[in-house]
Amino acid sequence: MPAMPPPSDIVKVAIEWPGANAQLIEFDQKPLASIIREVCDGWSLSGSEQFALRYADGPQLYITEQSRSEMKNGTILRLAISPMRAARQLLERIQSHGIDARLEALKELAKLSADPTFATEFINMEGLATLARLVESGTQYESYTQFFGEMLAFTLTAFLELMDHGIVSWDLISVSFIKQIAGYVNQPMVDVSILQRSLAILESMVLNSHSLYQRVAQETTVAQLIAHLQVSNQEIQTYAIALINALFLKTPEDRRQEMASTLAQKHLRGIILNHIIRGNRPVKAEMAHQLYVLQVLTFNLLEERMMTKMDPNDQTQRDIIFELRRIAFDGDNDPSGTEKKKAIYTKDYKMLGFTNPVNPAMDFTQTPPGMLALDNMLYLAKVHQDTYIRIVLENCSREDKHECLFGRSAIELTRMLCDILQVGELPNEGCNDFHPMFFTHERAWEEFFCICIQLLNKTWKEMRATAEDFNKVMTVVREQITRALAMKPPSLEQLRVKLRSLSYSEILRLRQSERMSQDDFQSPPIIELRERIQPEILELIKQQRLNRLCEGSCFRKLGNRRRQEKFWFCRLSLNHKVLHYGDLDESPQGEVPFELLTDKIPVSDIKAVLTGKDCPHMKEKSALKQNKEVLELAFSILYDPDEALNFVAPNKYEYCIWTDGLSALLGKELGSDLTRSDLDTLMSMEMKLRLLDLENITIPEAPPPVPKEPSTYNFTYNYG
């Protein structure tokens with residue numbers, strides 16, 4: 001008869017102590033202090049209150065009454081001195097006179113500071129204040145030139161780890177500490193490890209405190225931050241651009257344009273293009289994220305103009321519209337006489353494609369795109385004057401019904417581009433989607449518009465569109481632009497090439513290949529065949545999803561600092577009965593063995609799968625976590641007893657795979673966008689294969705009639 005499994009509230013673990021044989025004990029519901037006392041008695045150690053238990057592997061965190069429930073059978077623990085005792089000893093050692101002892105203590109402190117239990121004890125003993133004093137009096141280290149960089153680097157690492165626990169407020173940081181840290185960043189030659197940690201500390205200050213943002217902004221120079229982007233170390237470049245982004249993000253709205261101008265004067269864009277995007281090393285994921293954040297913050301500068309309505313009574317704004325008319329139709333030939341002039345202007349504004357030619361200012365009163373559309377039109381008219389005049393005059397020469405109204409098109413195109421590039425949205429914490437071409441031109445947004453308005457005019461001609469087809473043309477143009485952007489062209493010129501290849505006929509061809517032509521598959525026999533095939537295809541998709549869950553996926557933990565990324569991996573057992581998961585030190589290359597994944601959830605315990613804002617980890621009040629794109633990638637597993645395993649998928653594909661797979665495990669329908677797409681694709685292929693022999697044969701609407709019964713059933717066959 002098989003042995004009974006141990007009760008769920010008892011965990012069997014091994015505990016190590018240097019120089020002694022490991023003890024195998026059962027963790028039951030007794031207080032942790034009683035268990036530690038029994039362990040100490042087993043090795044004849046006195047003063048059990050001076051000891052604690054830590055994990056032997058991984059981050060080696062301390063076990064507490066709160067965290068003991070996370071332990072699993074077979075865990076290896078280590079008996080160690082208690083967090084309070086460790087904190088007191090380290091605090092004494094880092095203030096000792098022996099330089100070797102101090103260096104070793106700081107090295108150990110930098111490692112232990114990641115533990116929240118130790119951090120609480122160390123901070124309660126005024127340990128943070130001690131570290132701050134060591135940094136502020138940095139000149140003390142300089143007498144030990146050989147050890148200065150190493151000691152300071154460990155001190156800054158420990159300080160940053162301790163602050164990241166959120167136990168104390170960043171607002172308590174002294175001005176002299178900020179000056180010292182900013183000094184390391186502003187120095188042209190400083191140790192790489194010190195510079196990296198100093199940049200990270202300043203970034204955290206800016207993001208976590210408005211008053212510290214102001215102080216950091218005063219103490220750091222943009223010129224020196226940009227200088228750090230010209231080094232060969234991509235990690236330093238990443239930290240530097242992260243600090244620039246943090247300063248940009250926290251700058252008051254009324255001063256962001258001023259900061260953008262300062263960055264432009266210091267040639268930030270050109271330096272990023274030449275030293276990072278076109279540098280000798282490939283752009284890593286974290287750098288790609290920071291470039292994406294900078295791209296978003298830069299485009300968000302357009303939000304004010306995008307949401308500003310035109311004032312029809314403002315003469316300055318009306319003059320811009322008049323300038324558009326003058327450039328297009330040569331203002332030297334203005335007629336005399338107010339009435340005659342008014343009639344001519346109305347006619348010209350109609351030719352320019354405004355929907356309200358009597359008062360074209362009314363066309364810009366809707367937001368978005370507001371005044372941003374007018375800005376784009378003026379840029380085109382002044383910078384690309386020949387293109388502007390050609391577009392306007394070309395449309396004037398067409399028949400009225402085939403005329404592509406420039407004004408209406410430009411306004412609608414601006415609205416579309418704002419939507420595609422998500423102008424006004426916060427950066428998404430998990431997104432690396434930057435476009436290199438936007439870093440190749442000082443006026444990248446305006447140039448992007450100029451390329452797209454020419455595309456719109458070209459597509460209008462190819463479609464031979466009329467005014468009634470306006471929305472249809474805009475749909476095609478949107479598809480052309482999004483397909484071209486997905487190819488990540490390295491320059492605006494390359495974007496032109498991509499868009500040129502995506503003609504209207506090419507879009508039609510792509511659409512044809514991507515989805516089945518509905519006209520050919522609407523007869524009743526075909527519909528019946530589809531209904532018969534569909535369950536087989538859905539079962540195939542379901543098996544593919546479950547196979548992918550068995551392979552597993554890596555997920556990133558959302559933390560305070562992206563550059564100290566923590567990963568975890570989750571995969572389904574081969575018998576589809578258990579989900580295995582566990583933390584990883586780095587993003588894995590390939591499949592992670594089940595042995596490395598220490599935690600597990602029986603599928604039978606799963607009660608529900610939640611998505612989006614219903615997830616427990618998405619209900620926290622955090623600006624980035626509330627971002628629309630993060631919400632769209634979030635899902636949670638609720639399992640007994642009232643526990644949740646929270647996920648943020650790396651991309652939409654993985655999100656669909658996992659939500660589909662979990663739905664399949666729970667016996668629910670697969671409802672993701674990916675399932676619908678896969679179903680369409682596989683159904684199309686299967687239908688075409690089955691109907692291959694019926695090419696050029698008309699399939700009847702109804703089955704052929706059953707013949708009448710024969711008059712007699714006396715059939716004979718003569719084989720003679």
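Presented here is an overview of the structure given in this document.

## Brief notes about the overall build of the chain
1) Next: Broken down by element type, the chain carries 28 helices and 11 strands.
2) Next: Computed over C-alpha atoms, the radius of gyration of the chain comes to 34 Å, more than 25% over the 27 Å expected from 2.2 N^0.38 for 720 residues, which places it beyond the range of a compact globule.
3) Next: Projected onto its principal axes, the C-alpha coordinates of the chain cover approximately 105 × 100 × 40 Å.
4) Next: Among the 720 residues that make up the chain, the fraction classed as buried is 46%.
5) Next: Within the structure as shown, the chain displays about 37800 Å² of accessible surface, and the carbon and sulfur contribution to it stands at 51%.
6) Next: The centroid of the 81 positive side-chain charges in the chain is displaced by 3 Å from the centroid of its 97 negative side-chain charges.

## Examining the nonpolar core
1) Next: Counting residues in hydrophobic clusters, the biggest one holds 83 residues, and the most contacted among them are Leu131, Met205 and Ile272.
2) Next: In this structure isoleucine 272 touches Leu229, Ile241, Ile277, Leu291, Leu294 and Phe439, once residues within four positions along its chain are discounted.
3) Next: Listed in part, the 69 residues of the second largest apolar core include Met377, Val392, Leu421 and Val477.

## Concerning the sheet that holds strand β11 (residues 643–648)
Where strands meet in a sheet, backbone hydrogen bonds hold them as pairs that are either parallel or antiparallel.
1) Next: Taken together, 3 strands build an open sheet; the order of strands is β9-β10-β11 and the sheet is antiparallel. Whereas interior strands pair on both sides, the edge strands pair on one side only; in this sheet they are β9 (606–611) and β11. Within this sheet the neighbouring strands show an average axis-to-axis angle of 20°, counted without direction.
2) Next: The pairing of β9 with strand β10 (residues 634–639) spans 5 bridges and is antiparallel. Each residue of the ladder has a partner; that of threonine 611, found in β10, is phenylalanine 635.
3) Next: Contacts from helix α27 (residues 652–665) reach β9, β10 and β11 within the one sheet, and its direction differs from that of β10 by about 25°.

## Concerning a negative patch on the surface
1) Next: Judged by side-chain charge, Glu253, Asp254, Glu258, Glu303 and Glu304 come together as a negatively charged surface patch.
2) Next: With 3 residues, helix α12 (residues 253–265) is the largest single contributor of residues to the negative patch.
3) Next: Counting through the fold element by element, glutamate 258 comes out in helix α12.

## Topic: unusual backbone geometry
1) Next: A cis amide bond, omega -20°, links threonine 367 with the succeeding residue proline 368.
2) Next: Looking at the element boundaries, proline 368 is found in the loop between α17 (338–351) and α18 (371–383).
3) Next: Along the chain, proline 368 connects to proline 369 via a cis peptide bond; the corresponding omega equals 10°.
4) Next: Position of proline 369 among the secondary structure elements: in the loop between α17 and α18.
5) Next: The backbone of serine 44 sits at a positive phi, close to 55°, despite the residue not being glycine.
6) Next: You can see serine 44 is positioned in the loop between α1 (32–42) and β3 (51–55).
7) Next: Judged by its relative accessible area of 68%, serine 44 is exposed.

## Topic: the pattern of salt bridges
1) Next: The final tally for this structure, using the stated rule, is 31 salt bridges.
2) Next: The shortest N-O distance in the salt bridge between arginine 78 and glutamate 16 comes to 3.9 Å. Of this pair, arginine 78 sits in strand β4 (residues 76–81) while glutamate 16 sits in strand β1 (residues 11–16), and the two are 62 residues apart along the sequence.
3) Next: Taking the shortest distance from any N to any O, the salt bridge between glutamate 412 and arginine 415 comes out at 2.4 Å. Highlighted residues: glutamate 412 and arginine 415, both in helix α20 (residues 406–420), separated by 3 residues, approximately one helical turn.
4) Next: Owing to a relative accessible area of 26%, glutamate 412 belongs among the partly exposed residues under this scheme.

Quick notes on the rules
- Residues numbered from 1 in each chain as written.
- Predicted model: local features only at pLDDT ≥ 70, side-chain atom pairs only at ≥ 80, totals over all residues.
- Heavy atoms only, no water.
- Helix = DSSP H or I, 4+ residues; strand = E, 2+ residues; numbered from the N terminus.
- Rg over C-alpha atoms; globule rule 2.2 N^0.38 Å.
- Buried < 20%, exposed > 50% of the residue type's maximum accessible area, 1.4 Å probe, protein only.
- Areas by Shrake-Rupley, 256 points an atom, 1.4 Å probe, with all protein chains shown as cover.
- Lys, Arg positive; Asp, Glu negative; His and termini not counted.
- Charge placed at Lys NZ, Arg CZ, Asp CG, Glu CD.
- Core = buried A, V, L, I, M, F, W, Y, C linked by side-chain atoms within 4.5 Å.
- Contact = heavy atoms within 4.5 Å.
- Pairing = 2+ DSSP bridges.
- Axes fitted to C-alpha atoms, helices over the stretch in contact; angles between N-to-C directions.
- Patch = residues over 30% accessible without salt bridge, like charges linked within 9 Å, V, L, I, M, F, W, Y side chains within 5 Å.
- Salt bridge = Lys/Arg side-chain N within 4 Å of Asp/Glu carboxyl O.

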